[in-house]
Amino acid sequence: MTPETDRHNFSLARSQRSLILSHIAAAACVTMWGLSFVSSSVLLDVHHMGTVELYIYRFTMAYLLVLAISHKRFRSHSLRDELLFCACGVTAGSIYFIAENTALKVVSSTDVSLLTSLSPLLTVLLAGFLYNRGRFDWRILLGSAIAFIGVACVIFNSATSLEVNPLGDFLSIGAALSWAIYSLVLRRLSANYDVWYATRKTFFYGVITAIPFLFIMPGNLHNPTDFFCSYDALLNLLFLSLGASMAAYLLWAIAIKSLGAVTAGNYMYFQTPVTMIAAFFILDEKITAIGIIGCVLIIGGLWLGDWLSRRHALRAQGR
């Protein structure tokens, strides 16, 4: 075996390990986001925190922690990149979470979970229109469709009927579209910036653009001691800040950079079964056969889309 072969094998093994770690990163952050529905509901419904307040407290804490670690560079390469980071802060921060938290106030969490899980399909559609001139990879689309059927099964596991509320449904779909845009913008920026810098910029612009909503939306100005002096509220807020915000966004940036917006986006389908399992242990909600079938469809759909795409790529390369 020649030295060139050894180097090639080593590089291939390192690339495969990196790919596996990226998949683990995507699964880990989506798990935390699934659990965040429970924490957010506790803070919104039990402790009566305002929707904008919850977002600002959560992401200000996360931003300060990231800033303490990554603070050597503040200016991006160009004004265009700075505007793109601002777009990340709006689409993955202020608009997304204010829309999602407000929807949780007016419709059931099952409705919100289902509709925000549309983001992978919307990412595929946007990527097809923007980069493939309207042409879509039917393999990924097929896997996504199967996974979305699984999401619907999980939703019906915990709700005998879906509550119809145009405002809540519109906000949830808007949040899903917002996240799809963020994934594509972040993919473009990740080639030139490390994950710490990109995450810090996203948090900064997310908090800045959310501040005006404090004065626009009623019920969002309370005494902070009402929340920070409560052990339960503080514990949930720390999880949302340290886990579901700082750690999860860093992991998501890694996943987007390595896997791409579409492949990483498909992991968003795992959000709903995670919420279902958490609700079983924390809220004593039942898990039925249809819920289990939904989880199988989600995992099977993700696997099928990925397997068909890899098989097609290998055939195209003549292997």
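Just above, that's the structure.
Here, residues in each chain are numbered from 1, in the same order as that chain's written sequence. Local features in a predicted model are, by the rule used here, given only for residues with pLDDT of at least 70; side-chain atom pairs are given and counted only at 80 or more, and totals for whole chains, interfaces and linings are based on all residues. The side-chain quantities take in all heavy atoms of the structure and omit both hydrogens and water.

Draft legend 1. Spatial organisation of the pattern of salt bridges. One side-chain nitrogen of Lys or Arg within 4 Å of one carboxyl oxygen of Asp or Glu is enough to make a salt bridge. Within the structure shown, the criterion is met by one salt bridge. Glu 82 is paired through a salt bridge with Lys 201; the nearest N and O atoms lie 2.6 Å apart. Of the two residues, Glu 82 sits in helix α3 (residues 79-106) while Lys 201 sits in helix α8 (residues 195-216), which places them 119 residues apart along the sequence. For every residue, the accessible area obtained with a 1.4 Å probe (protein chains only) is divided by the maximum for its type, and the residue is called buried under 20%, exposed over 50%, and partly exposed between those limits. A residue is classified by how much of its surface remains accessible, and Glu 82, at 17% relative accessible area, is buried. Helical segments are the DSSP runs of H or I of at least four residues, strand segments are the runs of E of at least two, and each set is numbered from the N terminus.

Draft legend 2. Up close: the packing of helix α2 (residues 51-69) against α8. α8 packs onto α2 with a crossing angle of 150° between their chain directions and a minimal axis gap of 9 Å. With respect to their mutual orientation, α2 and α8 come out roughly antiparallel. Regarding α2 and α8, the two cross each other, and that crossing is left-handed. Where α2 approaches α8, its residues Val 52, Glu 53, Tyr 55, Ile 56, Phe 59, Thr 60, Ala 62, Tyr 63, Val 66, Leu 67 and Ile 69 are matched on the opposing element by Trp 196, Arg 200, Phe 203, Phe 204, Gly 206, Val 207, Ala 210, Ile 211, Phe 213 and Leu 214. Charged residues are taken to be Asp, Glu, Lys and Arg, nonpolar residues to be Ala, Val, Leu, Ile, Met, Phe, Trp, Tyr, Cys and Pro, and polar residues to be all remaining types, Gly included. In terms of residue class, the contact of α2 with α8 is built from 17 nonpolar, two polar and two charged. In this description, a line fitted to the C-alpha atoms serves as the axis of each element, helices being fitted only across the stretch in contact, and the angle between N-to-C directions of two axes falls anywhere from 0 to 180 degrees. Working rule for angles: under 35 degrees goes down as roughly parallel, over 145 as roughly antiparallel, 65 to 115 as roughly perpendicular, anything else as oblique. Working rule for handedness: look at the near helix, and if it is turned counterclockwise from the far one by less than a right angle, call the crossing left-handed; if clockwise, right-handed. A contact between two residues is defined here by any heavy atoms of the two lying within 4.5 Å.

Draft legend 3. The arrangement of the packing of α2 against helix α10 (residues 231-259) in detail. One way to put it is that α2 packs onto α10 with a least axis distance of 9 Å and a crossing angle of 55°. The orientation of α2 relative to α10 falls into the category oblique. Relative to α10, the crossing made by α2 is right-handed. Facing Leu 54, Tyr 57, Arg 58, Phe 59, Met 61, Ala 62, Leu 65 and Val 66 of α2, the residues of α10 in contact are Leu 237, Leu 238, Leu 240, Ser 241, Leu 242, Ala 244, Ser 245, Met 246 and Tyr 249. Its residues assigned to classes, the contact of α2 with α10 comprises 14 nonpolar, two polar and one charged.

The analysis is restricted to geometry; functional conclusions fall outside its scope.
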